[in-house]
Amino acid sequence: MALYSEKVMDHFRNPRNVGVLEDANGIGEVGNAKCGDIMKMYLKIENGIVQDVKFETFGCGSAIASSSMATEMIKGKPVSEVKELTNKAVAEALDGLPDYKMHCSVLAEEAIKLALEDYEKRTGEKI
Ligand code: FES
């Protein structure tokens, strides 16, 4: 059996929503001290909805695939739903990750949570 699912390979080779969102109003950046990988999420939130999202990931293929999938899962969704997104859900949407690569999907969950916190700080709004 292949180590990585077709979906992981697809999102790694053709990542969705890559780049910087100039008008983001919530930005979250996280790193993993062990592997040194870094992920940054940019959210544009309006009327309680994630209208747009982009990411920059300096990291392994699983981290890139996880960020790409996570952006697709939260785009157009209400923030109340977005804050419940777990790394497990991202990994499941990718048809699984090897156990020792699960931490890569944790970066996506954490970066999104930090971006939501950043939005709360900037706007004084409670999500
Ligand atoms: Fe560090 Fe994947 S090995 S995020």
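Residues numbered from 1 in each chain as written. Predicted model: local features only at pLDDT ≥ 70, side-chain atom pairs only at ≥ 80, totals over all residues. Heavy atoms only, no water.

How should I be thinking about the overall build of the protein in this particular structure?
When helices and strands are counted, the protein shows five helices and three strands. Ordering the α and β elements of the protein from the N terminus gives α-β-β-β-α-α-α-α. A compact globule built from 127 residues would reach a C-alpha radius of gyration of about 14 Å, and the protein, at 14 Å, matches this within 12%. Taking the principal axes of its C-alpha atoms as reference, the protein extends roughly 50 × 25 × 25 Å. The long-range share in the protein, meaning contacts at least 24 apart out of those at least 6 apart in sequence, stands at 60%. Of the charged side chains in the protein, 16 are positive and 21 negative; the average position of the first set lies 1 Å away from that of the second. (Helix = DSSP H or I, 4+ residues; strand = E, 2+ residues; numbered from the N terminus. Rg over C-alpha atoms; globule rule 2.2 N^0.38 Å. Contact = heavy atoms within 4.5 Å. Lys, Arg positive; Asp, Glu negative; His and termini not counted. Charge placed at Lys NZ, Arg CZ, Asp CG, Glu CD.)

I tried to follow the sheet that holds strand E1 (residues 26-31) on my own but got confused; where do I start?
Each strand in a sheet pairs with its neighbour through backbone hydrogen bonds, running either in the same direction (parallel) or in the opposite one (antiparallel). Reading across from one edge, E1-E2-E3 is the order of the three strands in this open sheet, with antiparallel pairing throughout. The sheet is open, and its two borders are formed by E1 and strand E3 (49-58), each paired with just one other strand. The sheet shows a mean angle of 15° between the axes of neighbouring strands, direction not considered. One ladder, built from six bridges, connects E1 with strand E2 (residues 38-46); its direction is antiparallel. Each residue of the ladder has a partner; that of Gly-31, found in E2, is Ile-38. In the packing of helix H2 (residues 61-74) onto the sheet, contacts are made with E2 and E3, and the angle to E3 comes to roughly 175°. The sheet contacts of helix H5 (residues 102-123) involve E1 and E2, and relative to E1 the element is tilted by about 145°. (Pairing = 2+ DSSP bridges. Axes fitted to C-alpha atoms, helices over the stretch in contact; angles between N-to-C directions.)

Explanation requested: the nonpolar core in the structure shown.
When a protein is soluble and globular, its nonpolar side chains tend to lie buried together. Membership of the largest hydrophobic core comes to 30 residues, with the highest contact counts inside it found for Met-39, Met-41, Leu-43 and Ile-112. At the level of secondary structure, the elements contributing two or more residues to this core comprise E2, E3, H2, helix H3 (79-82), helix H4 (87-93) and H5. No other element matches the eight residues that H5 contributes to this core. Discounting chain neighbours no more than four positions away, the residues touching Met-41 are Gly-26, Ile-27, Gly-28, Val-53, Lys-54, Phe-55, Ser-67, Ala-70, Thr-71, Ala-111, Ile-112 and Ala-115. (Core = buried A, V, L, I, M, F, W, Y, C linked by side-chain atoms within 4.5 Å. Buried < 20%, exposed > 50% of the residue type's maximum accessible area, 1.4 Å probe, protein only.)

Can you walk me through the side chain of Ser-67 in this structure?
With respect to the secondary-structure elements, Ser-67 resides in helix H2. Assessed through its relative accessible area of 0%, Ser-67 is described here as buried.

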